[in-house]
Every structure is written in C-alpha cells, then in structure tokens.
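# Per-entry structural report
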Amino acid sequence: MSANSAFPVHDEVGWGLRAFEVSCIAGAATLFFVHCMRFVSCKASFAWPLGLAVIVGALSADFTSGIVHWFCDTWFHDTLPFLGPRFLRPFRVHHVNPDDFLRRDFIDTNGDVSMLVIAVLLTALLIPLETAGERWLVVYLVTFSLVGWPTNQIHQWAHRPQPPRWIARLQQLGLILSRPAHQEHHVAPYSKNYCIAKGWLKFIFFPAWKP
Ligand SMILES: [Zn+2]
Ligand SMILES: [Zn+2]
C-alpha cells in the first residue's frame, strides 16, 4: 500500500529483478533474431500453409492472452507461492487501481511476458526445419510469440488517455486493443474483452470475475 494512495499499488521492482527483466527482454529479442536467421538460411521453399500458420499463431496468441488474463483475474489468491507475487497480484491490483499501471516503465511492463516468450522460442529452436510439418510448427510458435510479446505494452497503451499518435491510429484501425474496448472490461459484469494481446477475439465470453 502506498503512503500516498488509498488503493493498493504495484510492487516496486528491486535491482535484481530489474536486471532479470532486462535480460529476459534482451534474450527474447535475440531469439527472434536467431529464428529470422534460421528462416532465411532454410533452403526449403515457403509454401502457402505457412501463411495459415501465421494466422493461426496470431489468433492463438490473442486467445491465450484471454485465458491467462481470465485465470489471473479469477483463480487462486495472490499469496500463492511464485505465481502470486509476479503474475496474480499485478492483475488484482490493476482491477482496483487501473491507473497505477501507467507508473510501470517499459522494463517492468514487458519483462515477465518476455520470460514466457523465451520458453516458447527455445522450444521452437529444438524443432528442425526439415519437413513441412516441422516448418509449419516453428512458424506457428514464432508468430505466437511475436504477437504475444507486447501484450502488456498494448494493454498499457489502452489505458493511456493520450497514447503516441501512431499507436492511437493502430487502435482506431482495430489492429491493437483500443481504449473503449478495454474500458468495457473494467466495468461489471467483468466478463468481456479478456483477450488483450491484440483484442481481435474480444467478443469471447468468460465467466464473470467478481471484484
Ligand atoms: Zn482483467
Ligand atoms: Zn486494464
């Protein structure tokens, strides 16, 4: 609880955790580069089903953001070991004090998702690019990671009254989560707009979260 606020606020991040978050962001960026180099050096032709892998991967990322968001809003207490402090508590604080999210800087906002993205990209690195099925799976996993990576950043932009102009344009075009769409999530019955990676699947209904 902050001395200046009547509401709970996000935990301050110490230098050790901050260094870890920086390394997660750098690690995720490095792994995306490694995968790009893999695709460029792959001698096999890139057939049309890989386009389908891109579409399915992107939609899966948005859907997964909805499932994770719903889980973190709804289930267990934020005192749960490990998951509680870093994954459940930020969601619970966010629903009581949404504007406090705007205090979190780029590293604090994107570090945790980067850690999850690293796990998926390392898994994808274990899959060779020899058969069509393997290439489909790797393209799917890399697209899934790429679309899911800025989930928290896009969520934060949806809370900014005046985001950067190019971000506001992307929001208006429906390419990323918009402020009006996300504001619907923050009012009762708390059952809509859980998909926040991009907001494309915002119509999916989740059983209500009780504040
Ligand atoms: Zn929520
Ligand atoms: Zn929000």
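To be clear, the structure that these remarks concern was listed above.
Just so it is clear, the structure is predicted and the values come from calculations on it, not from any experiment. (Residues numbered from 1 in each chain as written. Chains lettered and ligands numbered in written order. Predicted model: local features only at pLDDT ≥ 70, side-chain atom pairs only at ≥ 80, totals over all residues. Heavy atoms only, no water.)

### Points about the coordination of the zinc ion (ligand 2)
Protein ligation of the zinc ion (ligand 2) involves His94 (NE2), His155 (NE2), His159 (NE2), His182 (NE2) and His186 (NE2), the donor distances falling in the range 2.0 to 2.3 Å. Along the chain, the residues donating to the zinc ion (ligand 2) are arranged with the sequence spacing H-x60-H-x3-H-x22-H-x3-H. Between the zinc ion (ligand 2) and the zinc ion (ligand 1), a separation of 5.9 Å is found. Across the pair, histidine 186 and histidine 182 agree in class, each one buried. (Donors = N, O, S within 2.8 Å, 3.2 Å for Na, K, Ca; no water. Buried < 20%, exposed > 50% of the residue type's maximum accessible area, 1.4 Å probe, protein only.)

### A few points about the coordination of the zinc ion (ligand 1)
With distances of 2.0 to 2.1 Å, the protein atoms coordinating the zinc ion (ligand 1) are His69 (NE2), Asp73 (OD), His95 (NE2) and His185 (NE2). For the zinc ion (ligand 1), the four donor atoms in the first shell make angles of 87 to 164° at the metal, so the coordination geometry reads as irregular. Mapping the donors of the zinc ion (ligand 1) onto the primary sequence gives the spacing H-x3-D-x21-H-x89-H. In this structure histidine 69 comes out as buried when scored by relative accessible area, which is 2%. (Tetrahedral: all angles 85-135°; square planar, octahedral: opposite > 155°, others 65-115°.)

### What about helix α2 (residues 49-74)?
Taking 1.5 Å as the rise per residue, α2 with 26 residues should run 38 Å; its terminal C-alpha atoms sit 37 Å apart, in good agreement. Where α2 ends, the next residue or the one after it, phenylalanine 76, has phi of about 65°, a positive value. (Helix = DSSP H or I, 4+ residues; strand = E, 2+ residues; numbered from the N terminus. Expected span 1.5 Å × (residues − 1).)

### Here's the deal with the packing of α2 against helix α5 (residues 132-148)
With their axes 7 Å apart at the nearest point, α2 and α5 run at an angle of 40° to one another. Here α2 is positioned oblique relative to α5, judged by the angle of their axes. The element α2 and its partner α5 pack so that their crossing is right-handed. In contact with Pro49, Leu50, Leu52, Ala53, Val54, Val56, Gly57, Ala58, Ser60, Ala61 and Thr64 of α2, α5 contributes Arg135, Trp136, Val139, Tyr140, Thr143, Phe144, Val147 and Gly148. Of the residues belonging to the contact of α2 with α5, the class tally is 13 nonpolar, five polar and one charged. (Axes fitted to C-alpha atoms, helices over the stretch in contact; angles between N-to-C directions. Parallel < 35°, antiparallel > 145°, perpendicular 65-115°, else oblique. Left-handed = near helix turned anticlockwise from the far one by under 90°. Contact = heavy atoms within 4.5 Å. Nonpolar A, V, L, I, M, F, W, Y, C, P; charged D, E, K, R; others polar.)

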